[in-house]
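Close look at the chain arrangement
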Amino acid sequence: MKQCCYCKTVKSLDEFNKDKSSKDGHYSACRKCVKERKRIYYSKNKDSILKKCKENYFSDVELSRKRKREYTAKHRDSECLRAKFWYSKNKDKKSEYDKKYAKRNIDKRRLASKKFRNNHPGRKRADTAYRRAWRIKATPQWSDLKAIRMFYEKCPNGYHVDHIIPLQGKNVSGLHVLNNLQYLIARENLSKSNHYSIEHNGIK
Ligand SMILES: [Zn+2]
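A brief look at the structure comes next. Bear in mind that the values here come from a model prediction, so they are computed numbers and not experimental data. (Residues numbered from 1 in each chain as written. Predicted model: local features only at pLDDT ≥ 70, side-chain atom pairs only at ≥ 80, totals over all residues.)

**Details of the overall build of the chain**
Basically, it comes down to this: Secondary structure counts use DSSP, requiring at least four H or I residues in a row for a helix and at least two E residues in a row for a strand, with both numbered from the N terminus. The reference for a compact globule is 2.2 Å times residues^0.38; the radius of gyration itself is calculated from the C-alpha atoms. Once C-beta atoms are placed from the backbone, any two residues with those atoms within 7 Å are in contact.
Across its full length, the chain carries nine helices and four strands. Against the compact-globule benchmark of 17 Å for 204 residues, the chain has a radius of gyration of 30 Å, which places it well outside the compact range. Along the longest, intermediate and shortest principal axes, the C-alpha atoms of the chain span 90 × 40 × 30 Å. Here the contacts in the chain between residues at least 6 apart in sequence split such that 50% fall between residues at least 24 apart.

Structure representation (structure tokens):
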């Protein structure tokens, strides 16, 4: 047991932070008082503390970023929560920042997206198909877009992904759903166009 030097309450030792330099190995103030004093100090000196933090951060940006990455990797869950909480309070600020960032890095982003699309041709086709299906409202809410994307990405060479019932057919219109997709040899797909043979597909 030990008496706190601020609130004068007698508390058990585990309510005091550890301090190797002190005789009994603990701070003279209890955790609660230390926390409260830190809070008061911070609120009184917020500007200068933040300024100092900023200066420290920018004195060696690379090192700061590395430290931040390491910290985030170690405390992934709590950092995720913190980020989510921050986002819920600062949605406008974030969207404003994103817009500015996009404007500043327009060429960089275009290049990155082009590179990504060139490396993932299936993904590119899946996105194009989705946009088209979305425009003509052929994608129901329950459509499994992840599975559809995988289907496009796994399309074998020389084949196209085809809607069994075309999205804008003459007689019937199909949906942009996994069950309505098939792989067709490229040429066959082109000649089939938007024609859906009712007889051939067994619909009466
Ligand atoms: Zn205390």
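**A word on the nonpolar core**
Applied cut-off: Structurally, a nonpolar core is described as a collection of buried Ala, Val, Leu, Ile, Met, Phe, Trp, Tyr and Cys residues joined by way of C-beta atoms within 7 Å. Exposure criterion: with C-beta atoms placed from backbone coordinates, a residue whose C-beta has 20 or more other C-beta atoms within 10 Å is buried, one with 12 or fewer is exposed, and one in between is partly exposed.
Of all hydrophobic cores here, the largest spans six residues; its members are Ala-126, Ala-129, Ala-133, Ala-138, Ile-148 and Tyr-152. For this core, the elements supplying multiple residues, two or more each, are α7 (121–135) and α8 (145–153). For this core, the element with the highest residue contribution is α7, accounting for three residues. Setting aside chain neighbours within four positions, we find Ala-129 in contact with Tyr-152, Val-161 and His-176.

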